[in-house]
Amino acid sequence: MEKVDFTQGILAMEPDLHRFAYKLTSDRESANDLVQDCVLQALDNHEKFTHAKNLKGWMFTIMRNIFVNNYRRTVREMNLIDDTYSINQQSMIEDEDGDRFEFAYDMKQLYRVIHSIPEDMKVPFQMFVAGFKYREIAEKLGLPMGTVKSRLFFIRKRLKEELKDFS
């Protein structure tokens, strides 16, 4: 496929790309960024496109892969922030006087409980705490909404049981 035809094909499907991006992100600005990243990656990899009849499928695959990679990067960064915060809390605890000992114990217990949560439940919980709605969590993780609600219910129940003495 000629570079000009390829570019025109991408421009012709731009409304479809925006709709698909909005379904993935549920946010107009994020959808626009995703479309832009997708188009740039497609133009950079024009020579890899071989099936001239399925440009739309190829573009949607690129977009989905970019979205998944961005989501995974965000989750890794959230985990890194959690670990860094934990380390900072520990160093703060070591530096402060004995009156803060109870706070230190409580924070260690809280982190222990949160990090003991199974990974398949921890990710929806972290997303919920970060401000995502049930629907957004379900869409981004590819889970039914009922599954997200039940996982959040069970994790709240578990935290409540394990932290009942937490004051």
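Since the model is a prediction, treat every value here as computed from it, not as a measurement.

About the cut-offs
Residues numbered from 1 in each chain as written. Predicted model: local features only at pLDDT ≥ 70, side-chain atom pairs only at ≥ 80, totals over all residues. Heavy atoms only, no water. Helix = DSSP H or I, 4+ residues; strand = E, 2+ residues; numbered from the N terminus. Buried < 20%, exposed > 50% of the residue type's maximum accessible area, 1.4 Å probe, protein only. Contact = heavy atoms within 4.5 Å. Axes fitted to C-alpha atoms, helices over the stretch in contact; angles between N-to-C directions. Parallel < 35°, antiparallel > 145°, perpendicular 65-115°, else oblique. Left-handed = near helix turned anticlockwise from the far one by under 90°. Nonpolar A, V, L, I, M, F, W, Y, C, P; charged D, E, K, R; others polar. Salt bridge = Lys/Arg side-chain N within 4 Å of Asp/Glu carboxyl O.

(A) Broad picture of the overall build of the protein chain. Counting its secondary structure elements, the protein chain contains eight helices and zero strands. Each helix and strand of the protein chain, placed in order from N terminus to C terminus, yields the pattern α-α-α-α-α-α-α-α. Going through the 167 residues of the protein chain one by one, you find that 31% of them count as buried. Long-range pairs, those at least 24 residues apart, make up 63% of the contacts in the protein chain with a sequence separation of at least 6.

(B) View of the packing of helix H1 (residues 3–12) against helix H3 (residues 28–44). Axis separation between H1 and H3 bottoms out at 11 Å; the angle between their running directions is 165°. Between H1 and H3, the angle falls in the class roughly antiparallel. The two elements H1 and H3 cross, and the hand of that crossing is right-handed. Mapping the contact onto sequence places Lys-3, Phe-6, Thr-7 and Ile-10 in H1 and Val-39, Ala-42 and Leu-43 in H3. Each residue belonging to the contact of H1 with H3 can be placed in one class, and the counts come to five nonpolar, one polar and one charged.

(C) Layout of the pattern of salt bridges. Under the definition given, this model contains five salt bridges. Residue Arg-151 is joined to Asp-120 by a salt bridge in which the shortest nitrogen-to-oxygen separation is 4.0 Å. Placement of Arg-151 in helix H8 (residues 145–162) and of Asp-120 in helix H6 (residues 119–129) is noted, with a sequence separation of 31 residues between them. Each of the salt bridges in this network shares a partner with another, and the network as a whole consists of Asp-16, Arg-19 and Lys-56.

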